[in-house]
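Here's the letter readout for the chains.
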Amino acid sequence: MAAAGSAVGLGNIWKFPYITGEYGGGAFVLVYLITVALVGFSVMLAEMLIGYLGRKDGVTSFETLAPTRKGLWKFGGFQGMAGLLIMTFYSVVIGWILNYIVTASISLPSSVHEAEVTFTTMLHSDFFTQFFYHTIAFVIVTYVLHKGIKSGIEKVNLILMPALIIILSVMFVYATTLDGFSKALTFMFAPDWSKLNSEAFVTAVGHAFFTLSLGMGAIMTYAASMEKGTNIVKSAFWVVFLDTAIAIVAGLMLFTFLYQYGSGPDKGPGLVFISLPAAFYEMGVLGNIFAVFFFIALAFAGLTSAVSLVEPMVQYFIDRFGWSRLKASISMGGFFWLVGIVVILSGLDGTKEYLTWGGKNFFDWIDYITAAIMLPFGGLIMAVFVGYILPKTEVQATMQPFLGWAFAPWYFSLRYIIPVAMFVVMLNLMGVF
Ligand code: TRP
């Protein structure tokens, strides 16, 4: 449940639709789906296995499990830094959602165009609102981290995750009745390969890691508290399935509304904030109620993911430096809160000019470096660690009972398919093709 809470987050409902819109639809979606199936699922099993066998924070798990060169392998655990970096913008986006909970209860924009103006005004010229809600997100996340994952967030999640799924399903069914739906289907599933440039490819692969929370030790840290004998394969399968289904449903729904109300899919990071309010407006008062519930559920989906982004580093400072949970939570929280302010500034008129390089602002760069580079690299480390470093007998003893005949193909993919796939990604990043 905790792993599902981590995986299902803003990545599914905020990020996936907007990058799909930005990189042209079908071909991008296909690369993402193939990566999830061929790479994501295998890496998830590897990451879970390391946590399950290591039973500690990522750094310590790598260190104890590595038969030799412990000092080198422990760096595998420092991938946790990626989570903290992601959190710098994740917190800002949760802030936007909190702001929308408040505004949607009062009034909704009467058209896609108006929704777009509302969003871009906040992004480009409203520092205070963004700062205020980013700070609230920081306070909530830090508080939950300090309390420990088990005690509260899991219970809240147990209610809000189904709530999110129900609201999404209702909205989705409504979307299927609209004319825009067939356009949305075509956009998402008819691949136009000419749109798949090298950046789109790398982004799609990176997103598979991002949305499944792979490659930085979040899943590993959670797996460390899995009871012995838990069926790792079943857990991993459900996380991957649920996460992918939610992303696809959210994407189809959001694009339907955009097409329906006379607009297009290329809306950037504001997509969910533009598409949905406009659709909710059409529903009258019921729309306001739906909107508020939707953004509340989305905020919680984001919060459970946020906690998992920071928890690995918190755990690290507790395990290795003997820090109290309070001190570790506040220090990590302080970091993403401060850097998050720069993320906000990088979208504002007047400051963004100083925080933009090569067509990407600070926000985009952090997103790109973490998701497209750090997470796939972390996944590679985990695949190699399980495929080559851990004794095969030990891996087999744990995984064979759950995987059966599928053990051999899984092991093969860790040893060969994933390293080759990640090598292709690296070449691509370096601009070789
Ligand atoms: N998977 C989450 C989402 O889709 C984000 C996330 C949470 C994450 N924990 C992570 C991404 C760890 C990478 C690594 O919103």
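The rules behind each value
- Residues numbered from 1 in each chain as written.
- Predicted model: local features only at pLDDT ≥ 70, side-chain atom pairs only at ≥ 80, totals over all residues.
- Heavy atoms only, no water.
- Core = buried A, V, L, I, M, F, W, Y, C linked by side-chain atoms within 4.5 Å.
- Buried < 20%, exposed > 50% of the residue type's maximum accessible area, 1.4 Å probe, protein only.
- Helix = DSSP H or I, 4+ residues; strand = E, 2+ residues; numbered from the N terminus.
- Contact = heavy atoms within 4.5 Å.
- Salt bridge = Lys/Arg side-chain N within 4 Å of Asp/Glu carboxyl O.
- Phe/Tyr/Trp six-rings, centres within 6.5 Å; stacked < 30°, edge-to-face > 60°.
- Lys NZ or Arg CZ within 6 Å of the ring centre and 35° of its normal.
- Axes fitted to C-alpha atoms, helices over the stretch in contact; angles between N-to-C directions.
- Parallel < 35°, antiparallel > 145°, perpendicular 65-115°, else oblique.
- Left-handed = near helix turned anticlockwise from the far one by under 90°.
- Nonpolar A, V, L, I, M, F, W, Y, C, P; charged D, E, K, R; others polar.
- Near = heavy atom within 4 Å.
- Polar contact = N/O pair within 3.5 Å; in protein donor to acceptor, adjacent residues only side chain to side chain.
- 1 Å grid on protein atoms, 1.4 Å probe; cavity = no way out; pocket = protein on both sides within 12 Å on 5 of 7 lines; lining within 4 Å.
- Sits in = over half its atoms within 2 Å of the grid points.

## Structural notes on the nonpolar core
Membership of the largest hydrophobic core comes to 161 residues, with the highest contact counts inside it found for Trp14, Trp96, Phe294, Met399 and Trp410. No other element matches the 18 residues that helix α15 (residues 285-321) contributes to this core. In this structure Trp96 touches Trp14, Phe119, Met122, Leu123, Gln130, Pro269, Phe273 and Phe363, once residues within four positions along its chain are discounted.

## Notes on the pattern of salt bridges
One pass over the structure, following the stated rule, counts 6 salt bridges. The partner of Glu199 in a salt bridge is Lys360, and the shortest N-O contact between them spans 2.9 Å. In this pair, Glu199 is assigned in helix α11 (residues 198-211) and Lys360 in strand β2 (residues 360-361), connecting sequence segments 161 residues apart. Note on Lys360: relative accessible area 14%, which makes it buried.

## A short note on the packing of aromatic side chains
What the rule picks out here adds up to 42 aromatic pairs. Ring centres of Phe317 and Trp323 lie 4.5 Å apart, and the angle between their planes is 25°; this geometry places the pair in the stacked category. Using a relative accessible area of 16% as the deciding quantity, one classes Phe317 as buried. Its relative accessible area of 23% is what places Trp323 among the partly exposed residues. Relative to Tyr411, the ring of Phe407 lies with its centre 5.4 Å away and its plane at 20°, an arrangement referred to as stacked. Placement of the pair is Phe407 and Tyr411 together in helix α19 (residues 407-429), with a separation of 4 residues, close to one helical turn. For the pair shown, Phe407 and Tyr411 are each scored as buried. Three or more aromatic residues link up through ring pairs in this structure, and these residues are Trp14, Tyr18, Phe89, Trp96, Tyr100, Phe119, Phe273, Phe280, Phe290, Phe294, Phe295 and Phe363. Sitting over the face of the ring of Phe210, Lys15 holds its NZ or CZ atom 4.0 Å from the ring centroid. In this structure, Lys228 packs its charged tip against the face of Tyr52, placed 4.5 Å from the ring centre.

## A look at the packing of helix α10 (residues 180-189) against helix α13 (residues 232-260)
Closest axis-to-axis distance for the α10/α13 pair is 8 Å, and the angle between their directions is 125°. The pairing of α10 with α13 is recorded here as oblique in orientation. Seen along the crossing, α10 lies across α13 with a hand that is right-handed. Between α10 and α13, the contacting residues are Gly180, Phe181, Lys183, Ala184, Leu185, Phe187, Met188 and Phe189 on the first element and Ile248, Gly251, Leu252, Phe255, Thr256, Tyr259 and Gln260 on the second.

## What to know about the packing of helix α8 (residues 127-147) against helix α16 (residues 325-345)
The interhelical angle for the contact between α8 and α16, taken along N-to-C directions, is 160°, at an axis separation of 9 Å. When the axes of α8 and α16 are compared, the pair comes out roughly antiparallel. In the packing of α8 onto α16, the handedness of the crossing is right-handed. Where α8 approaches α16, its residues Phe127, Gln130, Phe131, His134, Thr135, Phe138, Val141, Thr142, Leu145 and His146 are matched on the opposing element by Arg325, Leu326, Ser329, Ile330, Gly333, Gly334, Phe336, Trp337, Gly340, Ile341, Ile344 and Leu345. When its residues are assigned to classes, the contact of α8 with α16 shows 12 nonpolar, 9 polar and 1 charged.

## A word on the site of the ligand
The environment of the ligand is formed by 17 residues, the closest being Gly11, Tyr90, Phe210, Ser213 and Ser308. Between the ligand and Ser6, the relevant distance is 3.3 Å, taken from a nitrogen atom to a main-chain nitrogen or oxygen of the residue. Under a 2 Å grid-point criterion requiring more than half of the atoms, the pocket assigned to the ligand is the largest cavity. Class assignment for the residues of the shell around the ligand results in 9 nonpolar, 8 polar and no charged.

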